[in-house]
Amino acid sequence: MTNKDNLVEFAEYVINRQHSTLQEKDNFHIALDIRDDDQFFILNVFEKILLNNETYFNQIDWSKWKICFVSETLTPLDSPHNHYNHFKKRVLDPMVHKYGHLNLGPTVMTINENLLDFLDKKHVEENHLVNEYTELVPHPFDLMVLSPFIELDMQSNALVTTHN
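What comes next concerns the included structure. Because the structure is predicted, anything quoted here is derived from the model rather than measured. (Residues numbered from 1 in each chain as written. Predicted model: local features only at pLDDT ≥ 70, side-chain atom pairs only at ≥ 80, totals over all residues. Heavy atoms only, no water.)

Considerations on the overall build of the chain
As a reminder, the rule being used: Secondary structure counts use DSSP, requiring at least four H or I residues in a row for a helix and at least two E residues in a row for a strand, with both numbered from the N terminus. Using a 1.4 Å probe on the protein chains alone, a residue whose accessible area is under 20% of its type maximum counts as buried, one over 50% counts as exposed, and one in between counts as partly exposed. Whether two residues touch is decided by their heavy atoms; if any such pair falls within 4.5 Å, the residues are in contact. All accessibility values rest on the Shrake-Rupley procedure with a 1.4 Å probe; residue burial counts only the protein chains present in the view.
The number of helices and strands found in the chain is five helices and six strands. Beginning at the N terminus, the succession of helices and strands in the chain can be written as α-β-α-α-β-α-β-α-β-β-β. Per-residue burial for the chain yields a buried fraction of 40% across its 164 residues. If you take every contact in the chain between residues at least 6 apart in sequence, the share linking residues at least 24 apart comes to 66%. Per element, the accessible surface of the chain, about 9700 Å² overall, is 50% carbon and sulfur.

This is the structure:
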């Protein structure tokens, strides 16, 4: 199986999963694991097969997607180190007028950057920030797209180990 075959299989799986989920409920909840150490593998896949392929793009009901990041940095949303920032620049912004019409994109749940103290990192309200974000995260996710450097215990969705 070629890399292109894998991408096609992935796109078809995502679209089928979306369709079956939206038959049962109003939104499609996705967990994305965007990491610097994998050279933004997940972003590359999203760009190449879901965003830049008109056939697949048009089969996705983007406005029903609710995206959470399962690995995020405690940095301002416009920071070059923030994963939402990379997702916005590479997926959300180009999506708006893709294929000659206005597209409503997904809802992306982010950290509350108002709880970050950019001048004094010791006073970041980390516990409050994590608790607030955790309340936004749906349980269970309908789809988890993880970095190839993550292993999960599929029985409990618990992180087992990370690889660098």
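Next comes the rest of the write-up.
Comments concerning the packing of helix α1 (residues 3-24) against helix α2 (residues 41-51)
Which entries qualify depends on this criterion: Fitting a line to C-alpha atoms yields each axis, with helices limited to the stretch in contact; the angle taken between N-to-C directions then spans 0 to 180 degrees. For this classification, under 35 degrees means roughly parallel, over 145 means roughly antiparallel, 65 to 115 means roughly perpendicular, and everything else is oblique. Residues are grouped as follows: nonpolar covers Ala, Val, Leu, Ile, Met, Phe, Trp, Tyr, Cys and Pro; charged covers Asp, Glu, Lys and Arg; every other residue, Gly included, is treated as polar.
Following both chains from N to C, one finds α1 and α2 inclined at 75°, their axes separated by 10 Å at the closest point. Taken as axis vectors, α1 and α2 run roughly perpendicular relative to one another. Mapping the contact onto sequence places Leu-7, Val-8, Phe-10, Ala-11 and Val-14 in α1 and Val-45, Lys-48, Ile-49 and Leu-50 in α2. In terms of residue class, the contact of α1 with α2 is built from eight nonpolar, no polar and one charged.

Section: the nonpolar core
To be explicit about the condition: Definition of nonpolar core: a set of buried residues of the types Ala, Val, Leu, Ile, Met, Phe, Trp, Tyr and Cys, connected through side-chain atoms within 4.5 Å.
Formed by 38 residues in total, the largest nonpolar core has its most connected members in Leu-32, Phe-46, Ile-49, Leu-50, Trp-65, Phe-69 and Phe-87. Per-element tally for this core: the top contributor is α2, with seven residues. Sequence-distant contacts of Ile-49, that is, excluding residues within four places in its chain, are made with Leu-7, Val-8, Phe-10, Ala-11 and Tyr-56.

Overview of the environment of Thr-107
To keep things clear, this is the line we draw: Between N or O atoms, a polar contact is any pair within 3.5 Å; within protein, one atom must be a potential hydrogen donor and the other a potential acceptor, and residues adjacent in sequence are included only when both atoms are from side chains.
Here Thr-107 lies in strand β3 (residues 107-109). Linking Thr-107 and Ser-63, residues 44 residues apart in sequence, is a C-alpha distance of 7.1 Å. Ignoring anything within four residues of it in the chain, the contact list for Thr-107 reads Trp-65, Lys-66 and Ile-67. At 3.2 Å, the side chain of Thr-107 forms a polar contact with the side chain of Lys-66.

A look at the sheet that holds strand β1 (residues 28-32)
Rules: Here, strands pair whenever DSSP counts at least two bridges between them.
If you trace the four strands from one edge of the open sheet to the other, you get β3-β2-β1-β4, paired in parallel fashion. At either end of the open sheet lies a strand with only one pairing partner, and these are β3 and β4 (143-145). In this sheet, adjacent strand axes meet at a mean angle of 25° when their direction is disregarded. Along the sheet, α1 makes contact with β1, β2 (65-69) and β4, crossing β1 at roughly 140°.

Description of the packing of α2 against helix α4 (residues 83-95)
Put simply, α2 and α4 touch, their axes get as near as 10 Å, and they point 10° apart. The orientation of α2 with respect to α4, classified from their angle, is roughly parallel. On α4, the residues touching Leu-43, Asn-44, Phe-46, Glu-47 and Leu-51 of α2 are His-86, Phe-87, Arg-90, Val-91, Pro-94 and Met-95. Taken together, the residues of the contact of α2 with α4 sort by class into seven nonpolar, two polar and two charged.

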